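Structure at a glance
Now for the letters of each chain:
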Amino acid sequence: MTLQFRSSSPPTSRHTGSELGGTLLGQAVSASASGWPIQAICAPLLGSGTAAVQETWRQASPCLHGASEGIAWRRAGDILFGVIDLDETQFAAMADRPPLQAASEAAYHRIFRLLDAQKLPHLWRIWNYMADINAVTHGLERYRQFNIGRQDAFIAHHRSATGNVPAACALGLAGGPLSIAFLAGATPAVPLENPRQVSACEYPAEYGPRTPLFSRAALVHPPGQEILFVSGTASIVGYQTVHPDDVAGQCREAMANIAAVVAEANRAARSRSFALDELVYRVYVRHAADFPVIRDTLAPQLGGADVLYVQADICRADLLLEIEAMASHTLGLD
């Protein structure tokens with residue numbers, strides 16, 4: 001019954017029926033023929049030696065599947081994975097708000113309605129991707145438009161806008177739809193914060209009219225299991241970007257933040273302690289030319305960990321990289 005995470009390169013076309021959902025990353029990728037919910041992230045992979053990588057969540061129990069308001073989803077027991085892609089142009093006629101803001105609010109409304117209908121109310125982990133995340137349109141940066149739409153949906157569905165929010169990331173791609181993938185379950189996640197950072201839910205107004213909604217990490221507990229999700233983590237101390245023009249400095253600061261949040265996770269963990277070199281990492285790199293420095297700076301800290309480097313834009317224009325991670329333990333084992 002264990003929820004398993006597997007990565008394959010090149011992507012496999014062989015399906016076992018146990019696939020809950022996943023992600024396909026690389027250039028010119030498409031999930032149209034997958035037959036199960038998969039988030040297609042069309043972005044260059046750096047240093048991987050392959051054009052595409054497939055990451056899959058599997059659950060060795062019967063899966064139910066369906067489609068709800070544009071969400072493709074599969075459910076195994078009390079765990080659900082879903083993906084929704086929305087074309088912003090479909091919301092261009094809404095004169096009272098920018099299309100991305102409207103699309104973001106609509107997407108989260110649909111997600112919450114699905115989770116209510118499935119009686120799986122707890123969001124565990126969310127992956128958000130959008131085009132031109134740092135561009136300014138309608139007088140406001142697009143990432144800030146996204147934050148307004150997301151928070152409006154959280155409030156409308158009586159979801160906490162502070163504290164008990166899921167682990168998440170938000171990245172920018174060169175083009176494509178607003179794409180949101182999510183894992184949810186019947187039991188609440190244990191949200192974790194970082195003592196080196198102000199909670200994202202408490203950022204001051206200089207970072208936008210609405211705060212981002214995510215915890216720095218979360219522990220979730222499928223039956224017999226403990227999974228640590230570390231949200232997208234960057235070179236931020238307190239609430240401010242540090243080392244704005246120093247990519248190596250940003251690497252070290254981001255890893256210091258991950259180490260701090262992993263330490264917080266180990267204080268709350270029900271399983272054995274999590275270690276930095278056992279996590280599976282996805283590193284988002286703004287400028288491909290920075291990849292060798294980022295790889296070489298991170299290597300001593302990550303050891304033999306599984307790392308995938310993806311070229312993407314970060315939620316702040318002065319951030320050069322962002323790192324997310326996860327690991328899974330079986331409960332009851334030392």
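My aim in this report is to walk through the structure given alongside it, one point at a time. (Residues numbered from 1 in each chain as written. Predicted model: local features only at pLDDT ≥ 70, side-chain atom pairs only at ≥ 80, totals over all residues. Heavy atoms only, no water.)

**Focus: the environment of Gln4**
Test applied: Only DSSP runs of H or I covering at least 4 residues are called helices, and only runs of E covering at least 2 are called strands; the numbering of each starts at the N terminus. Remark: exposure states derive from per-residue accessible area (1.4 Å probe, protein chains only) relative to the maximum for the residue type, with buried under 20%, exposed over 50%, and partly exposed in between. Residue contacts are counted whenever heavy atoms from the two residues lie within 4.5 Å of one another.
Position of Gln4 relative to the elements: it lies in strand S1 (residues 3-8). Residue Gln4 is classed as partly exposed on the basis of its relative accessible area, which comes to 35%. The spatial distance from the C-alpha of Gln4 to the C-alpha of Ile180 is 20 Å, given a sequence separation of 176 residues. The residues touching Gln4, leaving out its near neighbours within four places in the chain, are Thr56, Trp57 and Arg58.

**Some points on the pairing of strand S6 (residues 71-76)**
Our working rule: Being paired, for any two strands, means DSSP has found at least two bridges between them.
Across the 6 residues that make up S6, a large majority, 5, are buried. Across 6 bridges, the pairing between strand S5 (residues 63-68) and S6 is antiparallel. Looking across to S6, one finds that His65 is bridged to Arg74.

**Brief notes about the nonpolar core**
Heads up, the condition is: Side-chain atoms within 4.5 Å are what join buried Ala, Val, Leu, Ile, Met, Phe, Trp, Tyr and Cys residues into a set we call a nonpolar core.
Formed by 76 residues in total, the largest nonpolar core has its most connected members in Leu20, Trp57, Tyr108, Ile111, Leu123, Phe182 and Leu183. By residue number, the principal contributor to this core is helix H1 (residues 99-118), which donates 10 residues. The contact partners of Leu123, leaving out residues within four places of it in the chain, are Ile111, Phe112, Leu115, Phe154, Pro166, Phe182, Leu183, Ala184 and Ala189. Residues Val247, Val261, Tyr309 and Ala327 belong to the second largest nonpolar core, which totals 31 residues.

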